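Observations on chain architecture
Residue strings, one per chain:
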Amino acid sequence: MQNRRPPAIDAQELFFKVEAKTLLDGVDLHADHGRMVGLIGPNGAGKSTFLRAISGVLRLQGGSIHLDGRDMQSLTSREVAADMAIVPQILPYTHGFTVMELVLMGRYPHLGRFQIEGKEDARIAWDAMRLTETEQFSDRRLDTLSGGERQRVIVSRALAQLPRILLLDEPTANLDVLQQLKVLGLVRELVDEGLTAIAAIHDLTLAARFCDRLVLLSEGRVLAAGQPNEILTTDRIAAAFGVEAAVYRDPNTGSLAISLIGPAEAHKPKANGRSACV
Ligand SMILES: Nc1ncnc2c1ncn2[C@@H]1O[C@H](COP(=O)(O)OP(=O)(O)OP(=O)(O)O)[C@@H](O)[C@H]1O
Ligand SMILES: [Mg+2]
C-alpha cells in the first residue's frame, strides 16, 4: 500500500457560532501540498471566518484542523506562524510603522524569544519586498501609501515569514488589473515550487485561472468543491450568487472565463421607476 502524505491542511467539520448566528456549519476543506485552493462565495458566506479559523485566530466550537497530519491544538501559536502566514482582508492597524519595519515583523515566528532581527532577516525582508515590487517604499510610513501599495506590503510581510502555507483573504481587492495578475501569478509560481495556498477570491475568472481547486461556501456551508470547471457552472453561479452568467473557455488564456450578464431575475434591483440621481 502506498504511504500517502497527509494534506498540508485538513479541516473537518468546523463549527463556529456567535450568539444565534452560525458562521461555520460543518465545513470540511483540505489543501494538498503544492496546490492552490480558491475560496469563493457571496458576501457573508464565511470565507474570512474560515481563514481566521485555520490560522488559529478563532477558538472553534467544533471540528478539527490538522497541518501536515499534526493536530493544530497540539501546536503553539509560534509553531503555527512558523508554518503558516495570512494576508488579511482588512489591513491591520499599522500607524507609524515604516514598510521595512512591518515586513520585518514577518520574521517574528523565526526569532528566539528576546532575539532581534539580524542581517539574514533583513535580506529575507528585502527579497519579499522585491517580489511584490515594494522595495522603493521601504522607508515610507505605511499610512502614506495608497491602498494597493499597502496591500502589496502586507503580502510581502507574509512572504517574509517564509511560510509553507499561505492564506490570502481577497489579496487582489485593492489592486489594479496589472497588479492583480502579478500578485496571483507570484503566488501561483510559489505554489508550483511547493507552497500551499488558500485564497478567498471574489473574481471568479481569476479564481478559475489561478487555482487548482475551488471551494464554494454559502451561509457557512460548503456547497461544492472540485476543479474550477466542475464548480463554475451557470446553474451554480445563479444559485450561489444570484447572477446570470456565461461560462466559457477563453481562447486567449486557455482558462475558464465567467462573464457576468446581470442579476438573476429574482435579484434585479427595484427602483420603482425613481432615480436617486437627478
Ligand atoms: N462577531 C460576529 N457577530 C455576528 N456575526 C458575525 C460576526 N463575525 C462575522 N459575522 C457574520 O458572519 C458572516 C460571515 O462573515 P465572513 O467575514 O466570514 O464572510 P465572508 O465570506 O468573508 O464575506 P465577504 O465576501 O464580505 O468578505 C457574515 O454574515 C458576518 O456578518
Ligand atoms: Mg471576507
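Quick summary incoming for the structure in this document.

Calculation criteria
Residues numbered from 1 in each chain as written. Chains lettered and ligands numbered in written order. Predicted model: local features only at pLDDT ≥ 70, side-chain atom pairs only at ≥ 80, totals over all residues. Heavy atoms only, no water. Salt bridge = Lys/Arg side-chain N within 4 Å of Asp/Glu carboxyl O. Helix = DSSP H or I, 4+ residues; strand = E, 2+ residues; numbered from the N terminus. Buried < 20%, exposed > 50% of the residue type's maximum accessible area, 1.4 Å probe, protein only. Near = heavy atom within 4 Å. Polar contact = N/O pair within 3.5 Å; in protein donor to acceptor, adjacent residues only side chain to side chain. Areas by Shrake-Rupley, 256 points an atom, 1.4 Å probe, with all protein chains shown as cover. Pairing = 2+ DSSP bridges. Contact = heavy atoms within 4.5 Å. Axes fitted to C-alpha atoms, helices over the stretch in contact; angles between N-to-C directions. Donors = N, O, S within 2.8 Å, 3.2 Å for Na, K, Ca; no water. Expected span 1.5 Å × (residues − 1).

Our focus in this paragraph is the pattern of salt bridges. Overall, the coordinates contain 13 salt bridges when judged by the stated rule. Its salt-bridge partner being Arg70, residue Asp83 comes within 2.6 Å of it at the nearest N-O pair. Note that Asp83 is positioned in helix α2 (residues 77-83) and Arg70 in strand β5 (residues 70-71), a separation of 13 residues in sequence. The partner of Arg130 in a salt bridge is Asp127, and the shortest N-O contact between them spans 3.0 Å. Pair noted here: Arg130 and Asp127 are both in helix α4 (residues 119-131), with a separation of three residues, about one helical turn. Using a relative accessible area of 46% as the deciding quantity, one classes Arg130 as partly exposed.

Moving on, we come to helix α1 (residues 47-54). With six of eight residues buried, α1 is to be regarded as a mostly interior element. Those residues of α1 not exposed but buried are Lys47, Thr49, Phe50, Leu51, Ala53 and Ile54. Just past α1, the residue Gly56 takes up positive phi, approximately 90°.

With that settled, consider the site of ligand 1. Taken together, 13 residues are adjacent to ligand 1, and Gly44, Gly46, Lys47, Ser48 and Thr49 come closest. A distance of 3.0 Å separates an oxygen atom of ligand 1 from a polar atom in the side chain of Gln89. At 3.0 Å, a side-chain N or O of His202 approaches an oxygen atom of ligand 1. Calculation on ligand 1 without its partners gives an accessible area of 640 Å², and the protein chains cover 62% of this total. Looking at which element gives the most residues to the shell around ligand 1, the answer is α1, with three residues.

Taken in spatial order, the four strands make up an open sheet running β2-β1-β4-β5, and their pairing is antiparallel. At either margin of the open sheet sits one strand with a lone partner, and together these are β2 (21-31) and β5. Taken together, the two bridges between strand β4 (residues 62-67) and β5 define a ladder with antiparallel strand orientation. Bridging from a neighbouring strand, His66 pairs with Asp71 of β5. Against the sheet, α1 contacts β1 (9-18), β2 and β4, and its axis sits at roughly 120° relative to β1.

Protein coordination at the magnesium ion (ligand 2) comes from Ser48 (OG) and Gln89 (OE1), with a distance range of 2.0 to 2.2 Å. You can see Ser48 sitting in helix α1 and its partner Gln89 sitting in the loop between β6 (84-87) and α3 (99-105), a full 41 residues away along the chain.

Looking at the element boundaries, Trp126 is found in helix α4. Separated by 17 residues in sequence, Trp126 and Pro109 have C-alpha atoms that sit 17 Å apart. Those residues in contact with Trp126 that lie beyond four places of it in its chain are Met100, Glu135 and Ser138.

The next thing to look at is the environment of Gly262. The topology assignment puts Gly262 in strand β12 (residues 256-263). For the pair Gly262 and Leu60, spaced 202 residues apart in sequence, the C-alpha to C-alpha distance is 37 Å. Residues in contact with Gly262, not counting those within four places in the same chain, are Val243 and Glu244.

Bringing helix α6 (residues 177-192) into the picture now. Over its 16 residues, α6 extends 22 Å from the first C-alpha to the last, a length consistent with the 22 Å expected when each residue adds 1.5 Å. Those residues of α6 that fall on the buried side of the exposure criterion are Gln179, Gln180, Val183, Leu184, Leu186, Val187, Arg188 and Val191. In this structure Asp176 caps α6, since a side-chain oxygen of it lies 2.9 Å from the backbone nitrogen of Leu178. Just beyond α6, the residue with positive phi is Gly194, at close to 125°.

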